[in-house]
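In case you want the letters, here they are:
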Amino acid sequence: MSLLYSGYFTKRKYRVKSTKKDGNKSLVIERKENMRSKWCKEYNVNCDLKPEEQKYQEIKRESKVKDNWTMTMKTEEVLEMEEELKKSKNNTIKRKKRIAVIGAGCSGMAAVAMLKEEGMEPVCFEKTDKPGGTWCYREETIEGVASIMPTTIINHSKEMGAYSTFPPPKEFNNYMRHNEVYEYFIEYWSQYDCFRHVRVNMDVISVKRAKDYDETGRWNITVKNLMTNEISRDVYDGVMVCVGHINRPKMGNFPGLEKFKGKIMHTHSLKGVDEFKGQKVVIVGIGCSALDAAVETSCVAKQVYLSTKTGAHIMTRVGPRGYPMDYVLLRRYLTGFLDYWPRDWCSEFLEKKYLDPKFDHKMYNIRPQYHMLSKDPIINDHIGSKLLSGSVILKGDISYITETGVVFKGDNHETEADSIIMATGYTWKFPFLDEDIILQEDGRIKLYKCMYPPHLKHSTLVITGFVLVWGPGLPVGEIQARYAAHIFSGKGRLPSVKAMEKDIERRHNRNAKWYAPNDKMTIRVDYIQYMDEIASLLGVKPNLLKLFFTDVRLFWKLYWGPSVSYQYRLKGPHKWRGARDAIMTTENRLLYPLQLDRVKEDKEHNRTHT
Ligand SMILES: Cc1cc2nc3c(=O)[nH]c(=O)nc-3n(C[C@H](O)[C@H](O)[C@H](O)COP(=O)(O)OP(=O)(O)OC[C@H]3O[C@@H](n4cnc5c(N)ncnc54)[C@H](O)[C@@H]3O)c2cc1C
Ligand SMILES: NC(=O)c1ccc[n+]([C@@H]2O[C@H](COP(=O)([O-])OP(=O)(O)OC[C@H]3O[C@@H](n4cnc5c(N)ncnc54)[C@H](OP(=O)(O)O)[C@@H]3O)[C@@H](O)[C@H]2O)c1
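Residues numbered from 1 in each chain as written. Chains lettered and ligands numbered in written order. Predicted model: local features only at pLDDT ≥ 70, side-chain atom pairs only at ≥ 80, totals over all residues.

Caption draft 1: Representation of the overall build of the chain. Each helix and strand in the chain was counted, giving 19 helices and 29 strands. The proportion of buried residues among the 610 residues of the chain is 37%. Restricting to contacts in the chain with at least 6 residues of sequence separation, those with at least 24 account for 69%. (Helix = DSSP H or I, 4+ residues; strand = E, 2+ residues; numbered from the N terminus. Buried ≥ 20, exposed ≤ 12 C-beta atoms within 10 Å, placed from the backbone. Contact = placed C-beta atoms within 7 Å.)

What follows is the structure, given as C-alpha cells:
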C-alpha cells in the first residue's frame, strides 16, 4: 500500500455553503486566510484567482460583495454557475493525464504544482519520509539524498529565489536559514494543494518505455515501498525526473590516501564540528561546502588548513550598502552588458567593483585562473576574518598523504593532520533510467534546454533541476516545470530532433568558451538569460519595449531593478494578477525584517492580542 503523505494534508482553501438571506437562497464562498491572501489584502490586490473563482468574480458586479473574499449571489446565477462548473469538471476528468514525478525536493514539488496548474494529475514518488529534498534537514545522511548542515543558510536572497506566484512574507529574513526555507516551501506547496499527490518512502527503481510507447509515449514505472519492500508497477503518460544532482559525493583521490590513520570524510556527511575539537583538520576544495566547513570547524579546531588547486572568487551574501549581493547583481541592465561586451571584461569589472573592495583576491593569494562568471559563485561571509586571524590557513593542492598528515605541493615538509574533510563536490547519476536515455558525447550532456533528451520519440520524459545556475536555483526549477507542464498538456511542442541537437551543440560550444572545464559544464546557465530563454518558449517573457510605452514605472523596475521571477507571470498562460504589485513592492519586503518599525508593529500587535 502506498503511503500518502498525510501529515501535511491541508484544509480546503475555500468553503461553499448555502444560506437563506432576504428571502433569497444565496451561495457564500469564504476563502481561508493563508499567507498569500494575507499578502494580497495587505497590498490591496486581487490575486491568485482559480478559474472557478474568476467566473464568480465576473458575476460579482451584480452581486452583493461582503468583503475581498466573501461574496453573496442569487439563486439563478448560482445554479447556472454550478452547471458550468460541473461540465468543466467532467471535461477535466476526461482529459487529465497522469504524470509521475520522481523526487519531492523543491523541483519535484514545483513540478506537482505546475502540472496541477495545467490540469494534469501528478503522482510524486519520494524515497525519504518527507518532501523537501535538500532543504528538509535530517541528522542522518542517506545515499543519493542531498544533505545540509544544521547551520546552512541559503545562498540567494528571499526575493531573488522566490516562486513566481508566491512572494515570501515580509517577515521572513532575506537570507533564510534552512528551516525558514522549508517553512516557505510548505506554504507554497499548501497553496497548490500538493501534499495529497506525494507518496513518501517510495523509491523509484526503474523507468522503462511502456509496451505501447511508440504510439503513446507512455512509461512503465517500478517503485519499491521502502517500508514494506513491496514492488509495484504502473503506467504513466509522462515522467518528470526531479532527483537533484548534489547528492552523490565525489571523493578526492591522492597518493597515500589509504595510509592515512586519521578520519577521512566528505562534507556530505558533515553535520557538526564537536568531534574536531582541538584537532588539526585539512579541508580539500574551495567550493561553498569547503568554506562552510572551514569556518565552522575552525571555531573548535586547533588549526584548519584549506587546500585548493585553483583558488576561487569569493562573494559575500552582504553586498553594497548591506543589500543582498544577488539583489544588486541580478539586474537586466547589468546582464545586458554580457550581450555586447566580452565576458572576461564584464567579469573583471564585477570582480573589481563588487568583490575586491571587500576581499582583495590577489592580496589573499586566492585569485583563480578563471574569471568570476566562469564558475559557480562561491559564497561565504566569514572566510576573510578566518584567514586574517590564521584560524584557517590557505594551502595549495595536495602532493601526497602520509599516515599522519599531508604534504602540500611546494612544501618540503609534512603538515600534521588528525582529520581530512573532502569538500570535493558531487557526481551525477540517474540509476533508474536506462543508459540510452541521457546520452553524453565528448563531455556534452545531451539535453535540450538542460531538460529533454532530444532523441526520444515522444516529449514525455523530462529532467528538471539538473542545472548549475549562476544565481538562484528555485525559480529555475519552477519555470522548467512550467514549461514541461505546457509541453505535456499539448499546448506547446518541442522543435525537431535536428533543431534540438543544434541547440545543445550551440550551448555546449558557448559554455566551453564561457565556463571552466567541469563534468557538469554543459548544464551551467546564467540566471536571467536562461529564465528569459524558457519564458520565451512559454510566451511569458515580459515585453520591455511595450512596457516602456504603456507602463514606464514597471519598465523601470524590470530593467534597472532586481530581476524577480514575478515578471514571468505578467502575461501569457497562467498569468497572475498580483505579479505587478509583487514586483513594485519587492523592496518593501526586503527592508521589513531590517527595520525598527517591525519591533514597534510587533509590540502593538502583541498588545492588541493580550
Ligand atoms: C549543502 C547544500 C546547499 C545548497 N545551497 C543552495 C543554495 O543556497 N541555493 C540554491 O539555489 N541551491 C542550493 N543547493 C542546491 C540544491 O540542491 C537546490 O537548492 C535544490 O534543493 C535542488 O532541488 P531538487 O528538488 O532538484 O533536488 P533535491 O533537493 O536534491 O531533491 C531531490 C529529491 O528526490 C528524491 N529522490 C532521489 N532519488 C529518488 C528516487 N529514485 N525515487 C524517489 N525519490 C528520489 C530525494 O530523496 C530528494 O528528496 C544546495 C545544495 C546543498 C547540498
Ligand atoms: N547555501 C550554502 O551555504 C551552500 C553550502 C554548501 C554547498 N552549496 C551548494 O552546493 C553545491 C555543491 O557545492 P560543493 O562546494 O560541495 O561542491 P563544488 O562547488 O563542486 O566544489 C568542489 C570543490 O572541490 C574541488 N575539487 C574537486 N575535486 C578535487 C580534487 N580531486 N582535488 C582537489 N580539489 C578538488 C573543486 O575545485 P575545482 O573547481 O578547481 O575543480 C571545488 O573547489 C553548489 O551548488 C553550492 O553552491 C551551498
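Alright, that's what it looks like, and here's the rest.
Caption draft 2: Spotlight on the sheet that holds strand 16 (residues 303–307). Pairing is parallel across the open sheet formed by five strands, whose spatial order is 14-23-15-16-19. Strand pairing shows two members of the sheet lacking a second neighbour, strand 14 (263–266) and strand 19 (392–395), which therefore form its edges. Mean inter-strand twist for the sheet, computed between neighbouring axes without regard to direction, equals 20°. Relative to strand 19, strand 16 is paired through four bridges, and the arrangement is parallel. Counted as the bridge partner of Y305 is I393 from strand 19. (Pairing = 2+ DSSP bridges. Axes fitted to C-alpha atoms, helices over the stretch in contact; angles between N-to-C directions.)

Caption draft 3: Local environment of the sheet that holds strand 9 (residues 202–209). Pairing in this open sheet of three strands is antiparallel, and the strands run 9-10-11 from one edge to the other. Of all the strands in the sheet, just strand 9 and strand 11 (231–236) have a single pairing partner and so form its edges. Pairs of neighbouring strands in the sheet enclose a mean axial angle of 25°, with direction left out of account. When strand 9 meets strand 10 (residues 219–225), the two strands line up antiparallel, connected through seven bridges. Residue V204 lies in a different strand from strand 10, and its bridge partner there is V223.

Caption draft 4: Seen up close, the site of ligand 2. Of all residues adjacent to ligand 2, which total 21 residues, the nearest are G285, G287, C288, S289 and G425. Here the shell around ligand 2 gets four residues from one element, more than from any other, and that element is helix 7 (residues 288–297). Considered class by class, the residues forming the shell around ligand 2 number eight nonpolar, ten polar and three charged. (Near = placed C-beta within 6 Å. Nonpolar A, V, L, I, M, F, W, Y, C, P; charged D, E, K, R; others polar.)

Caption draft 5: Seen up close, the packing of helix 12 (residues 474–488) against helix 14 (residues 527–538). The contact between helix 12 and helix 14 brings their axes to 10 Å, and the two run at 20°. Comparing the axis directions of helix 12 and helix 14 gives the class roughly parallel. The interaxial crossing formed by helix 12 with helix 14 has left-handed handedness. Where helix 12 approaches helix 14, its residues P475, V476, I479, Q480, R482, Y483 and H486 are matched on the opposing element by Y530, M531, I534, A535, L537 and L538. Of the residues in the contact of helix 12 with helix 14, the class split is ten nonpolar, two polar and one charged. (Parallel < 35°, antiparallel > 145°, perpendicular 65-115°, else oblique. Left-handed = near helix turned anticlockwise from the far one by under 90°.)

Caption draft 6: Up close: the confidence of the model for the chain. Looking at the chain as a whole, its pLDDT mean stands at 86, while 82% of the residues score no less than 70. When the criterion is pLDDT under 50, residues 1–33 qualifies, and its contacts beyond four places in sequence or with other chains add up to 56 contacts. Scored below 50 in pLDDT, residues 59–75 makes 30 contacts in the model with residues more than four places away or belonging to other chains. (pLDDT = per-residue confidence, 0-100.)

Caption draft 7: How the structure looks around the packing of helix 4 (residues 106–117) against helix 12. Direction vectors running N to C along helix 4 and helix 12 enclose 40°, while the axes themselves pass 8 Å from each other. By crossing handedness, the relation of helix 4 to helix 12 is classed as right-handed. Within the contact between the two elements, helix 4 uses C106, S107, A110, A111, M114, L115 and E117 and helix 12 uses L474, G477, E478, A481, R482, A484 and A485. When grouped by side-chain class, the residues that make up the contact of helix 4 with helix 12 number nine nonpolar, two polar and three charged.

Caption draft 8: Seen up close, the site of ligand 1. Taken together, 35 residues lie around ligand 1, and G103, G105, G133, G244 and G465 are the ones closest in. Secondary-structure elements contributing two or more residues to the shell around ligand 1 are helix 4, strand 9 and helix 12. It is helix 4 that provides the largest number of residues to the shell around ligand 1, a total of three residues. Split by residue class, the shell around ligand 1 holds 16 nonpolar, 16 polar and three charged.

Caption draft 9: Structural detail: the pairing of strand 21 (residues 405–408). As judged from the three bridges shared by strand 20 (residues 398–401) and strand 21, these two strands associate in the antiparallel manner. If you follow Y400 over to strand 21, its bridge partner there is V407. As judged from the two bridges shared by strand 21 and strand 22 (residues 415–416), these two strands associate in the antiparallel manner. When the sheet's bridge partners are listed, V406 is paired in strand 22 with T415. Hairpin connection from strand 21 to strand 22: six residues lie between these consecutive antiparallel strands, with G410 at a positive phi of about 90°.

Caption draft 10: View of unusual backbone geometry. Positive phi outside glycine occurs at N365, with the angle close to 60°. In this structure, N365 sits in the loop between helix 10 (343–355) and strand 18 (378–379). You will see that C450, though not glycine, has its phi angle at about 60°, which is positive. Within the secondary structure, C450 sits in the loop between strand 26 (444–445) and strand 27 (461–463). A residue is classified by how many C-beta atoms lie within 10 Å of it, and C450, with 23 of them, is buried.

Caption draft 11: Main features of the environment of F408. Position of F408 among the secondary structure elements: in strand 21. Along the sequence, F408 and T308 sit 100 residues apart, while their C-alpha atoms lie 9.9 Å from each other. The contacts of F408, once residues within four sequence positions are left out, are S307, K395, G396, I398, S399 and T415.

Caption draft 12: Layout of the environment of V540. Mapped onto the fold, V540 is located in the loop between helix 14 and helix 15 (544–550). With 24 C-beta atoms counted inside 10 Å, the residue V540 sits in the buried group. C-alpha of V540 to C-alpha of H574: the two residues are 34 residues apart in sequence and 9.0 Å apart in space. Apart from the residues lying within four places of it in its own chain, the contact partners of V540 are A535, Y568, K571, G572 and P573.

Caption draft 13: Spotlight on helix 14. Its twelve residues place the ends of helix 14 17 Å apart at the C-alpha level, agreeing with the 16 Å of an ideal helix rising 1.5 Å per residue. Among all positions in helix 14, only Y527, Y530, M531, D532, I534 and A535 are buried. Considering only its buried residues, helix 14 is in contact with strand 28 (468–470), helix 12 and strand 29 (524–526). Immediately downstream of helix 14, the backbone of G539 shows phi near 75°, a positive value. (Expected span 1.5 Å × (residues − 1).)

Caption draft 14: Up close: helix 16 (residues 552–560). Every buried residue of helix 16 is listed here: L554, K557 and L558. Viewed along the axis of helix 16, the buried residues span an arc of 95°, placing them on a single side of the element. Those residues of helix 16 that are exposed and angled more than 90 degrees off the buried face are V552, R553 and W560. Where helix 16 is buried, its residues meet helix 9 (332–340), helix 15 and helix 17 (579–584). (Arc of directions from axis to C-beta.)

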